[in-house]
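Tertiary structure, described
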Amino acid sequence: MRRNCCCWKRVRMLLVCSVILFVLVNVILTLLTTNRQTADSATSAAAIGYNSSSKWVQGDTAKYISIEVLSSKNRVRICVDDATVIDDSDPLNNRGMHVVVLNQHTGMVMAQRVFDTYMDDEPLISFLHRVSSGRIMIFAVKDEASFHLTNEGRRAMQMHTGASGASASRSGSGSAAGGSLWLSELGWRDMWAMVAKHHNNDPEGERNVDGIGGRVYGESYNSNPSLVLQHNSKSAPAISSWGTDVLLRVQVPLDVNRSHNNQNDEWCDSWITAGAFEDNNDDGGDFVDSGSIIDDDIIVESPLARRQRFCSRIEGYGDVCSCVHPAPLDFHPMPIPDSNIDRVPVVIVAGNRADYLYRTIKSVLNARGVQRHMVTVHVDGYYDEPVEVARLLGVRAVQHMPAVDDSVNGVGGGQIASNTNSRRRRVTQHYKSALTNTFGSLFPQADYAIVLEDDLDVSVDFFSFFSQTLPLLAVPDDSTDGGSGSGSLYCVSAWNDQGYEHTASRPDVLYRVDWMPGLGWMLKRSLYKDQLESEWPTVEKPWDWDMWMRSTKVQRGRQCIVPEVSRTFHFGSSRSVNVNPYFQRTYFGRHAFYNPYAATNGANAGSHSGGTGGEYDDRGGLIRFKNIDKMTRITYLVWMERRIMTEGQLLDHSRWPCRKKQWNNEGSKHNDNRGVHDAGNRNYYQSDEEFFVIDEMKNNDNTIRSKKLFVLYIKMEDPSGGNRNAANVAWIPLAKCLGIWDLDIRGHYKGMWRLYLNTDNQSDGTNADEEGIPTHIKSGSELFIISCPFSHFCKFKPMNVTALWYNSIGVGEDDDGGDDML
């Protein structure tokens, strides 16, 4: 018995020792594994040129967030503390540079954008300049991001992440404060990801959190491996290859030592001062006696409260969150005299382009005569940032459930989605929703509405223009449309399709056109409720809303009123169904835009030119439009006929008015018509030809003669009835060499185009009485281009004159250099 007891004690002791030994072994193994992982992390950091010991804030108060970034051909994924911020795996959408901005105190996402730097890097550069210092920035490439990432764009990215020069040096230890090591190497279809601390080189830079500027927390890069050696020893990547996927994992320290008055905190003392000067009272009262019309939260909320909420959540809006010079949030432009539009709602149709929307709303709220309570932003989808932008500026926002899939307004946009028809359907349905809500629940007593998009600037006299032209919509105007409710006028638009800087400069002249221009337009309630709403394309039809409205079946021969100099300016160059940076520069960027404050002497002012001054309120930038009484259907037709017969001077029809572009010895373009087009400085042309001023139109110094109306007849059949080639005979080739819209037939009145060819010289005032032209604007002459036999005005062509046409074999230039009629 005693023997058995001893045996049991020995067994128990052996078991206890085994357990203790097992625990010790596990502890030792855990310590060894941890040390090895630490060593591996240090080795990994050293492999890309960073000293891991320099990345961490020491002390018990330090807090970190884990960031994981995937950059690949078809996918970008960004995770913060295991929460997915972006997971974009559409292979044909959102190409370029993905950027995410985090709050350095909380790790919260404050902005996410996609910049298609394959096409243009200017939006990326602009965005970087608007981000506050100290923010955590995450960059990732999807597909391709280098093609148009210029040296300026690379310098901007380096400057904002720690490097002081064009690029960080790859020599030495590669300090994390030295900027990106691989950005200067980023090439065709390379994959790259980086996490960095943002620093803005501005007067507020010294208020940065720790005073050391930007820094890089981690970076990873894989080049495109398929390189073809060229004869000049440079390497070019194969078109069909990409760099291998990049996966970057870093830990980033949060700033827990928050200053109570730092620009990156939720508020600044200067905001209180700024708010003291901002009157938060509503600027016009209710449209009807209904509390549902105006968002009560917007009315009672002070500018300070709006700014505090916005700046604690949203980033990328520059001075809005500045502690030194905070941008104003309330605007109080002067009223307009005898306003007809105080009760006209303004519909801003928006998607997920909040930065564009911010610019548009500011422009609207700065226009004279604006009624803020009449402005509503209609957001296509449940996106927070556009709504926050609207609330920041004290404007009501309405969100619309997308009628099609949610991919249209995905994060940031980028290149056009693969299913363009779906995008068109979604935008079309959103327009219908916005108009139905406007004339329905929001403003049930409104007889008119002004429609804008979220990528338009408006002029200071935008509302004055509509106030003066609204009576034209109000009258029957000799109705020709069978009683559909709008007479012969279809709309009033602030946009002139053919109003470029060199073809428009009289801010007080109106046209009547057969085309519905859009881009800032006013329609009548009866037109929408009696016709458009019931006929609107259903969701399965891939119509662009504007092309549908321009169709013969819908427009029914009705016309629109437009100004010679546009009162809107299209600035959106990306994240659009139909516009990319090239298209923006070629067809929108050179439009004349009335801005009395942008330039003097009629000089180019960044596509915001088009005359200065005004007739009855020069300091306020208002223009009184003359000849409004001549804009009705019959009166305008008779007026144009009389002008052709009594004022028109026939141009030389023995030669085609375009010639091959000439080049001088330095390789720059030479143009016999420098006074009009200044081809050495501005690219006005979409083709290899250029319009030259025929002798009859020129003064002795080659400038265009003033107070003249010249007439040119071109060959063109009626384009209706499926005759798609009608414009190719003469109009489209002529439009190309004129440097105006050449993609289709638009901007004409009964087959006649009105252009005002101008020079950069100032008028001497001798033409001030002609059509009410102010004395401050560019001098020039009108050119009527009349198509035959299509145009109503072709009947005025002399029998001995042959309408000009275009020979596709040549461009009207013989071997001897002479110009012939084709």
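Here, every reference points to the structure presented above.
First, a word on what this report is: a plain description of the structure on this page. Just so it is clear, the model here is predicted, and its values are computed rather than measured. (Residues numbered from 1 in each chain as written. Predicted model: local features only at pLDDT ≥ 70, side-chain atom pairs only at ≥ 80, totals over all residues. Heavy atoms only, no water.)

Membership of the largest hydrophobic core comes to 135 residues, with the highest contact counts inside it found for I361, F463, L523, L532, W731 and L734. The residues contacting F463, other than those within four sequence positions of it, are I336, I341, V346, V364, A367, R368, G369, V370 and I450. If you look at the next biggest cluster of nonpolar residues, it comprises 47 residues, including I78, V131, A193 and L254. (Core = buried A, V, L, I, M, F, W, Y, C linked by side-chain atoms within 4.5 Å. Buried < 20%, exposed > 50% of the residue type's maximum accessible area, 1.4 Å probe, protein only. Contact = heavy atoms within 4.5 Å.)

Let us look at the pattern of salt bridges. Here the structure, examined in full by the defined rule, presents 30 salt bridges. Its salt-bridge partner being E782, residue R506 comes within 3.2 Å of it at the nearest N-O pair. Of this pair, R506 sits in the loop between β17 (489-493) and β18 (510-513) while E782 is found in strand β29 (residues 778-789), placing the two residues 276 residues apart along the sequence. The exposure class assigned to E782 is buried, which follows from its relative accessible area of 1%. Across the salt bridge formed by D744 and R746, the nearest N and O atoms sit 2.8 Å from each other. When salt bridges with common partners are traced through the structure, they connect R506, E564, R643, E647, R754 and E782 into a single cluster. (Salt bridge = Lys/Arg side-chain N within 4 Å of Asp/Glu carboxyl O. Helix = DSSP H or I, 4+ residues; strand = E, 2+ residues; numbered from the N terminus.)

Right, let's get into the side chain of N103. On the secondary structure map, N103 appears in the loop between β4 (96-102) and β5 (109-115). When residues no more than four places from it in sequence are discounted, the contact partners of N103 are M108, M110, R135, I136, L254 and S312.

Neighbouring strands of a sheet are bound in pairs by backbone hydrogen bonds; such pairs are parallel or else antiparallel. Strand order across the open sheet formed by eight strands is β14-β13-β12-β15-β19-β17-β20-β18, with mixed pairing between neighbours. At either margin of the open sheet sits one strand with a lone partner, and together these are β14 (396-400) and β18. Strand-to-strand twist of the sheet, defined as the mean angle between neighbouring strand axes without regard to direction, takes the value 25°. Relative to strand β19 (residues 521-524), strand β15 (residues 448-453) runs antiparallel, the two being bridged by four bridges. (Pairing = 2+ DSSP bridges. Axes fitted to C-alpha atoms, helices over the stretch in contact; angles between N-to-C directions.)

Here we take up the packing of aromatic side chains. In the structure shown here, the tally under the stated rule is 24 aromatic pairs. Relative to W192, the ring of F139 lies with its centre 6.0 Å away and its plane at 35°, an arrangement referred to as tilted. Of the two residues, F139 is situated in strand β6 (residues 136-142) and W192 in strand β7 (residues 191-197); the sequence distance between them amounts to 53 residues. Residue F139 is classed as buried on the basis of its relative accessible area, which comes to 1%. Consider the rings of W731 and W753, whose centres lie 3.7 Å apart with planes at 10°: the pair is stacked. Highlighted residues: W731 in helix α17 (residues 731-738) and W753 in strand β28 (residues 752-762), separated in sequence by 22 residues. We note that W731, like W753, is buried. (Phe/Tyr/Trp six-rings, centres within 6.5 Å; stacked < 30°, edge-to-face > 60°.)

A few words now on the layout of surface pockets. Computed from the structure, the largest pocket encloses a volume of approximately 1100 Å³. Considering the residues around the largest pocket, the lining is formed by 33 residues, among which W515, R550, T552, P719 and S720 are closest to the centre. Those elements that place two or more of their residues in the lining of the largest pocket are α12 (545-550), α13 (552-555) and α15 (633-646). Per element, the largest residue contribution to the lining of the largest pocket is three residues, and it comes from α15. Partitioned by chemical class, the residues of the lining of the largest pocket number eleven nonpolar, 13 polar and nine charged. (1 Å grid on protein atoms, 1.4 Å probe; cavity = no way out; pocket = protein on both sides within 12 Å on 5 of 7 lines; lining within 4 Å. Points joined across faces, edges and corners; volume = space filled by probe spheres on them. Nonpolar A, V, L, I, M, F, W, Y, C, P; charged D, E, K, R; others polar.)

The values reported here are purely geometric and, on their own, carry no functional implication.
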